[in-house]
Amino acid sequence: MIIRAVLRLFENWTNPFAEQQLLRPPGSAWAFVWFYVRQAKLAFVAMAVFGGAVAAMEASMFWFVGRLVDVLETVPKSEGWQGLFAMHGAELAGIALVVVAVRFLVITLSALVEEQVVVLNFSNLVRWQSHVHISRQAMSFFQNDFAGRIVTKVWTGGLAVGDLLTSLLQVGWFMVIYTLSTIGLLAQLDWRLSAVIALWVVMFVFMARYFVPRIRFHARETAESSSALSGRLVDSYANIQTLKLFARERHNDHYIREGFERYQASLRPFTRLITGVRASHALLSGFMVLVIAMLCIDRWFQGAMTPGGVAFTLGLVLRLSMLLNRMMTQLNSMMRNLGTIQNSAELISQPIGLNDQPDAKVLSISGPLIRFEDVSFHYGKDKGAIDHLSLTIHPGEKVGIVGRSGAGKTTLVNLLLRFYDVEGGAIMIDGQDLRHVTQESLRAKIGMVTQDTSLLHRSIRDNIMFGRDDATEVQLRKAAEQAEALDFIERLVDQRGRRGFDAHVGERGVKLSGGQRQRIAIARVMLKDAPILVLDEATSALDSEVEAAIQSNLELLMNGKTVLAIAHRLSTIASLDRLVVIDKGRIIEEGTHAELVARGGLYSELWARQSGGFLGDEPEDKI
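In this report, we go over the structure that sits alongside the text.

Cut-offs used in this document
Residues numbered from 1 in each chain as written. Predicted model: local features only at pLDDT ≥ 70, side-chain atom pairs only at ≥ 80, totals over all residues. Heavy atoms only, no water. Helix = DSSP H or I, 4+ residues; strand = E, 2+ residues; numbered from the N terminus. Rg over C-alpha atoms; globule rule 2.2 N^0.38 Å. Buried < 20%, exposed > 50% of the residue type's maximum accessible area, 1.4 Å probe, protein only. Lys, Arg positive; Asp, Glu negative; His and termini not counted. Charge placed at Lys NZ, Arg CZ, Asp CG, Glu CD. Axes fitted to C-alpha atoms, helices over the stretch in contact; angles between N-to-C directions. Parallel < 35°, antiparallel > 145°, perpendicular 65-115°, else oblique. Left-handed = near helix turned anticlockwise from the far one by under 90°. Contact = heavy atoms within 4.5 Å. Salt bridge = Lys/Arg side-chain N within 4 Å of Asp/Glu carboxyl O. Core = buried A, V, L, I, M, F, W, Y, C linked by side-chain atoms within 4.5 Å. Phe/Tyr/Trp six-rings, centres within 6.5 Å; stacked < 30°, edge-to-face > 60°. Pairing = 2+ DSSP bridges.

Things to note about the overall build of the protein
Along the protein, the regular secondary structure elements total 19 helices and 10 strands. Taking 2.2 N^0.38 as the reference for a compact globule, 623 residues should give roughly 25 Å; the C-alpha atoms of the protein span a radius of gyration of 35 Å, well beyond that estimate. Principal-axis analysis of the C-alpha atoms places the extent of the protein at approximately 120 × 50 × 50 Å. Within the protein, buried positions represent 48% of all 623 residues. Computed over 64 positive and 62 negative side-chain charges, the inter-centroid distance for the protein is 6 Å.

And the structure:
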């Protein structure tokens, strides 16, 4: 019970999920490290104190050995233990107390801080806060990078910060205290021994000054190529069906191998430097140990040093040589960690691309009335996408958006959802500019079903209840039934034997058919019951029988809501209140289906030539 209480005390020292107002860290490696370390300063101070005490204790162990040799020389063997304790009992009891009790306490406290505070909580604090910041990034942030590469940088960044600080305090700081202790203890025997140790350390520092900047540069290059390779691997595994479908395994192997070759090319100079470090230190340490051994033997011949002093000195120096070698070897992981931190910091420290304004309000809806007022958006280019578009959608009105692929329909919806900010004009809902309301409150008021539905690799229940996390079981089942999904859900069994709503759907929902994924998405939006509904080819993945079955339920879902429906298959939206035809980012026609057909414009042309219910394609001008 006492042991568990002590463990819990240290485990609760740092909260890995501590909330912070400012989550964006600086972009440079050391500033990035300090950003997180300052949240757990006392833990690292304790780690330094206990780590230093351990180092001093380790150095004193060799002094104890030397002292014991000298003590044994003063006691006749015939007097045995009784004579030993009679002459030196108090001193030996003190040494025993330090070796057993004090050393145990110091090492245990050091381990508790390192393992229970830093390893368990601090590294996850870095990862958690990095994740929270990254997850608030704009859509464009994720569209311009590999998901696997982002994940690697978030995960390894937290691990690297913890490992770097542990190495600095448990190896670097340990070495500083141990070296100072060694110099101090040897100075009591002969100042020349301390001078040789000091010279050794100075030469070590100069050697480190040569190697460390070069190691750090190549460590950063290695971390970058490693994260890029990870991104390629994750991208390949996530799209394994496509690779197999087109029999492109060999082509993909070449693509992945190219990533491996780039990683090896960046790793090669790094490993050469590490080999140089180890060889250089082996030569330096061997020479220095030889010099100190010769000095000790010379002092013993002169009667100025006892056998215990020789044993103590050589033991202490051999340990120092081993620790310096460990320090040089540790530079490998320390510089690798620093390179990883810098690589992660450059990604994680990027500012949020789309922020709520400081005075942003929660969106309040009474209608809702949606107005696009002279909206322009070109993805940062001179033209394309949306150009001076104005459109009013009245409360409860159901509007279909029609146009070729690339005409700007999806861009219009993305602007309504504020995945991007308009570059000109404004979008208003009930008189509130979307730029002046919080993104969370805006998207909470919009339900959307897309053509390409991706589900989370979680249970059916979790996926549907994203629409409303406080829904009851009755409401959950009703939404699934309205989406014509209840029957197939109840028959589902995953590879672990989980059934029905508890069955998991696989990454991106790969264990379900396209139609099943779509019905889950529709159930989720039905459960959400938001006042604004966006349907982007909502039934395109359904066969005709299922589509007809849920069409009436979709009409119930649309009742009383302001609706935007995008469709290539015009028959699915022909009955809506109004159809808006977009071409090259501009509205060119508006009206009911009958009015537009009678008008003989683009809509009439598309309707007449439609084959299988689909429109022609035209490239969309995007980034």
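That was the structure; now back to the text.
Some points on the packing of helix 4 (residues 80-135) against helix 6 (residues 147-187)
Remark: helix 4 packs on helix 6, axes separated minimally by 9 Å, with the N-to-C direction vectors making an angle of 150°. Taken together, helix 4 and helix 6 sit at an angle that is classed as roughly antiparallel. By crossing handedness, the relation of helix 4 to helix 6 is classed as right-handed. Across from Ser110, Glu114, Val118, Phe122, Ser123, Val126, Arg127, Ser130, His131 and Ile134 in helix 4, the residues of helix 6 making contact are Ile150, Val154, Trp155, Gly157, Gly158, Leu159, Val161, Gly162, Leu165, Thr166 and Gln170.

A few points about the pattern of salt bridges
For the structure shown, the criterion picks out 16 salt bridges. Ionic pairing is found between Asp421 and Arg418, a salt bridge with its closest N-O pair at 2.7 Å. A relative accessible area of 25% means that Asp421 is categorised as partly exposed. Note that Glu490 and Arg477 form a salt bridge whose closest N and O atoms lie 2.4 Å from each other. Of the two residues, Glu490 is situated in helix 15 (residues 486-491) and Arg477 in helix 14 (residues 473-482); the sequence distance between them amounts to 13 residues. Take Glu490: its relative accessible area is 42%, and that puts it in the partly exposed class. With a relative accessible area of 30%, Arg477 lands in the partly exposed category. Connected via shared salt-bridge partners are Arg232, Glu258 and Arg262.

Some thoughts on the side chain of Ser376
Tracing the chain through its elements places Ser376 in strand 1 (residues 370-377). On the basis of relative accessibility, which here comes to 8%, the residue Ser376 falls in the buried class. Once residues lying within four places of it in the same chain are set aside, the contact partners of Ser376 are Ile386, Asp387, His388, Val422, Glu423 and Gly424.

Remarks on the nonpolar core
Counting 75 residues, the largest nonpolar core has Phe44, Phe122 and Trp200 as its most contacted members. Mapped by element, the contributors of at least two residues to this core are helix 2 (29-37), helix 3 (41-73), helix 4, helix 6, helix 7 (191-238), helix 9 (249-301) and helix 10 (307-348). Setting aside residues no more than four positions away along its own chain, Phe44 makes contact with Val37, Val118, Phe122, Leu165 and Leu169. With 44 residues, the next largest nonpolar core counts Ile464, Ala471, Leu476 and Leu527 among its residues.

Some thoughts on unusual backbone geometry
A negative phi angle is the norm for most residues apart from glycine, just as the trans form is the norm for most peptide bonds. Located in the positive-phi region is Asp430, a residue other than glycine, with phi close to 50°. Tracing the sequence through the fold places Asp430 in the loop between strand 4 (424-429) and strand 5 (432-433). Non-glycine residue Glu484 carries a positive phi angle of around 55°. With respect to the helices and strands, the residue Glu484 is situated in the loop between helix 14 and helix 15.

With respect to the packing of aromatic side chains
Using the criterion set out here, one finds 9 aromatic pairs in the structure. Look at Tyr603 and Trp607: their rings are 6.5 Å apart centre to centre, the planes differ by 15°, and that puts the pair in the stacked class. With Tyr603 and Trp607 both in helix 19 (residues 602-609), this residue pair falls 4 residues apart, about one helical turn. You can call Tyr603 buried: its relative accessible area is 0%.

Topic: the sheet that holds strand 8 (residues 562-566)
Taken together, the 6 strands give an open sheet; going across it, the order is 6-7-8-3-9-10, and neighbouring strands pair in mixed fashion. A strand with exactly one partner marks an edge of an open sheet, and here the two such strands are strand 6 (446-449) and strand 10 (586-591). Neighbour-to-neighbour, the strand axes of the sheet open up by a mean angle of 20°, direction not taken into account. Direction of pairing for strand 9 (residues 578-583) relative to strand 10: antiparallel, over a ladder of 5 bridges. Note that in strand 10 the partner of Ile582 across the bridge is Ile587. Along the sheet, helix 16 (residues 514-528) contacts strand 6 and strand 7 (532-536); its crossing angle with strand 6, the most-contacted strand, is approximately 170°.

That's the geometry; what it means functionally is another story.
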